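Reading the structure
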Amino acid sequence: MSNDTLVRLGGVEKTFRRGSEEIHVLHELSLEIPNGEFLALMGPSGSGKSTLLNLIAGLDKPTRGTIEIGGERIDQMAGRALAGWRARHVGLVFQFYNLLPVLSAEKNVELPLLLTSLSNAERKRHVANALEIVGLSHRAKHTPRTLSGGEQQRVGIARAIVSDSTLVLADEPTGDLDRKTGDGILDLLQALNREHGKTIVMVTHDAHAAKRSNRVLYLLDGQLSTELAA
Amino acid sequence: MRLAGIVVSNFKRHRLRTALTVLSILVAFVLFGYLAAIKKAFEAGVDVAGKDRLVVRHKISIIQMLPVSYEADIERIDGVKEATHASWFGGIYKEPRNFIPQFPVKPEEFMAMYPEFRLPPAQMDAWLRTRTGAVVGRRTADKFGWKIGDKIPIQATIWRPKSGGNTWTFDIVGIYEGAEEETDTTLFLFRYDYFDENRSFGEGAVGWYYIRVSDPARAAQIALKVDETFANSAYETKTETEGAFVKAFAEQAGNIGKIITFILTAVFFTILLVAGNTMAQAVRERTQELGVLKAVGFTDGQVLGLVLVESCIISIVGGSIGLALSWRLVAAGDPTGGALPIFFFPPGELVMGALYVVLLGLAAGAVPAIQAMRLNPVDALRRE
Ligand SMILES: Nc1ncnc2c1ncn2[C@@H]1O[C@H](COP(=O)(O)OP(=O)(O)O)[C@@H](O)[C@H]1O
Ligand SMILES: [Mg+2]
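Let me sum up the structure you'll find in this document.

Calculation rules
- Residues numbered from 1 in each chain as written.
- Chains lettered and ligands numbered in written order.
- Predicted model: local features only at pLDDT ≥ 70, side-chain atom pairs only at ≥ 80, totals over all residues.
- Heavy atoms only, no water.
- Axes fitted to C-alpha atoms, helices over the stretch in contact; angles between N-to-C directions.
- Helix = DSSP H or I, 4+ residues; strand = E, 2+ residues; numbered from the N terminus.
- Left-handed = near helix turned anticlockwise from the far one by under 90°.
- Contact = heavy atoms within 4.5 Å.
- Near = heavy atom within 4 Å.
- Polar contact = N/O pair within 3.5 Å; in protein donor to acceptor, adjacent residues only side chain to side chain.
- Areas by Shrake-Rupley, 256 points an atom, 1.4 Å probe, with all protein chains shown as cover.
- Nonpolar A, V, L, I, M, F, W, Y, C, P; charged D, E, K, R; others polar.
- Pairing = 2+ DSSP bridges.
- Buried area = accessible area lost by both parts, 1.4 Å probe.
- Salt bridge = Lys/Arg side-chain N within 4 Å of Asp/Glu carboxyl O.
- 1 Å grid on protein atoms, 1.4 Å probe; cavity = no way out; pocket = protein on both sides within 12 Å on 5 of 7 lines; lining within 4 Å.
- Points joined across faces, edges and corners; volume = space filled by probe spheres on them.
- Buried < 20%, exposed > 50% of the residue type's maximum accessible area, 1.4 Å probe, protein only.
- Patch = residues over 30% accessible without salt bridge, like charges linked within 9 Å, V, L, I, M, F, W, Y side chains within 5 Å.

What follows covers the packing of helix α10 (residues 256–284) of chain B against helix α12 (residues 300–331) of chain B. All names here are of chain B. α12 packs onto α10 with a crossing angle of 140° between their chain directions and a minimal axis gap of 11 Å. The hand of the α10/α12 crossing is right-handed. From α10, M279, A282 and V283 reach across to α12, where they touch V307, E310, S311 and I314.

See the structure below:
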């Protein structure tokens, strides 16, 4: 309950409607994430991990309950304000990188900055800095097609940190990578957490990856627990 | 706009498809510009026709002639300010395809009737001094490279000269300019007195009369009065406004304006489908990327804008090249080699063209842009 809590979810319900059928994905879910934590979310496929992450990202709204991030009630924000909030406060990392294939690595990284008032030179500096952190400065001009999976994910991570948001949300960031390459990505996320003070929420189904975090939570039957019940 | 980079990079994606779409828009606007000029050519005469001018012709047809004595009779009618006549000469300069309308007229009266024909006073004086003098419009002078002082032989097809043979020789004494771009500057005008004395038959017959009325509001009434005056004579008349006269003349070739409008509507409808389909495909195959843009913070409005701008750029590139090309084509000259005396790219149509370019871009992009705007990023990112 201290000021150090970055993310606070209270009594969150999420129900999807598919035709006449209702799917209850999250049920009375509460969660607090302190600033500077590296949290791993695990759980079987279809348990609602991505749904939870999307709620924290402000990409989706809860059916009921509150979501407060950095003191702001994002569940109450309107679409436009929420988009602006996302641009400033969260960085998203996807399993399949989701880079724009027609843009070079640096242009992909620059995307969130296009929404800010930064000058061209300032944007360049931020992009160069982000690419430096992920160790891809030498690939800046390459398009995604010419990069390996690991390199593409590094570009994705650079895009997530370029606007200097404190919160990085990663949905199975190593899910599409081999063990060795995945370890490199996990090293990077760990460094972002330890050296750059990022708060990270990482969805994974890989216990080996989850070990890199400070805390592991399991999602089952719409609820979070510290132990894998099954 | 700093987001323009994203739009431009999208064109690299399907170069061929983009190029073909641009090309089809280009062709549509070449057609638009060219047909607009042709339409204008048929309408221009009607547009510039004087509201206060009437044309009197033989009741049966324009080919039948009227007595020259009618001029005085017409001028006596209440409401008629002045009257003058002209006739169809129909001669050939070198080759039949060199179409030039040639009229024998009374210089001072005719030029007073047509103040939009601008002839320097010195050249008018020269015309009055020179019996064989002729005055030509700028377009015709430029087309054949005629200068003042040139002797121009015209082969008669109807009016053989008394002097034998069938060649009339005229001295170019003046070149008139049009007051407006629509003004017909293709006419070849020469003196009626010379024509009348030197023709081998038909003395005292003229083709038609022009009347200037004192009050355009009474034009219809005066036209009736003229026709009443000559009713039951050997030469009955039909009098109408110059606009109606020109229109009837142009409509001999069918209702060109309507046909052209119809063609252009069909062309634009087709092009709207082509461009709209391109944009729809572009958005469909980019669903996930648009989802990413929204995920990183692009608003619905910005995503809508990106799609619309992309659509408008395609339209503007194709449309402006097309309009520029049609401008060049029209400037290269009348496709009939002279039958359309007024052939130019109407500036008003250029403005309309530019407007259509933007409208096409917006219309083609509208549906896909709205789809992109409504796209839910969560759904867009879910489909792998
Ligand atoms: N937009 C949606 N509409 C309908 N059902 C959805 C939607 N998103 C997720 N679901 C359902 O919610 C459940 C949880 O999905 P998800 O959060 O993607 O699970 P996980 O990431 O843990 O595999 C699944 O049963 C899925 O089918
Ligand atoms: Mg998932």
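Tracing the backbone through its elements, the reader meets B:M373 in helix α13 (residues 347–374). Apart from residues no more than four positions distant in its own chain, B:M373 is found in contact with B:K294, B:D300 and B:L304.

The next subject is the site of ligand 1. The full set close to ligand 1 counts 14 residues, and A:G46, A:G48, A:K49, A:S50 and A:T51 are the nearest of them. Neighbouring residues of ligand 1 are distributed over chains A and B. Within the side chain of B:D379, one N or O atom sits 3.3 Å away from a nitrogen atom of ligand 1. Calculation on ligand 1 without its partners gives an accessible area of 560 Å², and the protein chains cover 79% of this total. Mapped by element, the contributors of at least two residues to the shell around ligand 1 are β1 (5–18), β2 (21–34) and α1 (49–56) of chain A together with α14 (377–382) of chain B. Looking at the shell around ligand 1 element by element, the count peaks at three residues for α1(A). Residue composition of the shell around ligand 1, by class: four nonpolar, six polar and four charged.

So, about the sheet that holds β1(A). Residue and element names in this part refer to chain A. Sheet architecture is open: four strands sit in the order β2-β1-β4-β5, paired in antiparallel fashion. Strand pairing shows two members of the sheet lacking a second neighbour, β2 and β5 (72–73), which therefore form its edges. Here strand β4 (residues 64–69) runs beside β5; their pairing, made up of two bridges, is antiparallel. The residue bridging I69 from the neighbouring strand is E72, located in β5.

Here the focus is the interface of chain B and chain A. Listed as interface residues are 22 residues of chain B and, on the opposing side, 26 residues of chain A. For the pair chain B and chain A, the summed buried surface comes to about 2000 Å²; carbon and sulfur atoms form 65% of the total. When residues of chain B are sorted by the area they lose upon contact with chain A, B:R2, B:V296 and B:V378 head the list and together hold 29% of the total. Scanning the region where chain B abuts chain A turns up zero salt bridges. One can count three residue pairs in polar contact (both at pLDDT 80 or more) joining chain B with chain A.

For the rest of this paragraph, the subject is empty space enclosed by the protein. Under the definition given, this model contains three cavities of 30 Å³ or more. Its boundaries defined by the atoms lining it, the largest cavity holds a volume of some 90 Å³. Together, A:L100, B:I6, B:V7, B:N10, B:R13, B:R286, B:E289, B:L290, B:L293, B:L306, B:V307 and B:E310 line the largest cavity. Looking at the lining of the largest cavity, the elements with two or more residues in it are α1 (4–10), α11 (287–295) and α12 of chain B. Grouping the constituent residues of the lining of the largest cavity by class yields seven nonpolar, one polar and four charged.

Once that is clear, we can look at the environment of B:A83. All names here are of chain B. Positionally, A83 belongs in strand β3 (residues 80–86). Take A83: its relative accessible area is 2%, and that puts it in the buried class. Each C-alpha atom, one on A83 and one on A112, is 9.9 Å from the other, the two residues being 29 residues apart in sequence. Not counting residues up to four positions away in its chain, the partners in contact with A83 are E71, I74, E75, E109, M113, Y210 and I211.

A word on the pattern of salt bridges. Residue and element names in this part refer to chain B. Under the criterion given, the structure shown has 36 salt bridges over all chains. In this structure, E310 engages R286 in a salt bridge whose closest nitrogen and oxygen atoms are separated by 2.9 Å. One end of the pair, E310, is in helix α12; the other, R286, is in the loop between α10 and α11, with 24 residues separating them in the sequence. No difference in accessibility class separates E310 from R286, as the two residues are buried.

Residues and elements named next belong to chain A. If you walk across this open sheet you meet the six strands as β6-β7-β8-β3-β9-β10, and the pairing is mixed. The open sheet terminates on both sides in strands that have one partner only, identified here as β6 (90–93) and β10 (223–225). Each adjacent strand pair in this sheet contributes to an overall mean axis angle of 20°, direction not counted. Pairing of strand β9 (residues 215–220) with β10 involves three bridges; the strand directions are antiparallel. Pairing of Y218 across the sheet is with S225, part of β10. Packed on one face of the sheet, α1 meets β3 (38–42), β6, β7 (167–171), β8 (199–203), β9 and β10 and runs near 155° to β7.

Residues and elements named next belong to chain B. Judged by side-chain polarity, L16, L20, L23, V27 and L31 come together as a nonpolar surface patch covering roughly 460 Å² of accessible area. Relative to the helices and strands, L31 is located in helix α2 (residues 15–48). Judged by relative accessible area, which is 34%, L31 ranks as partly exposed.

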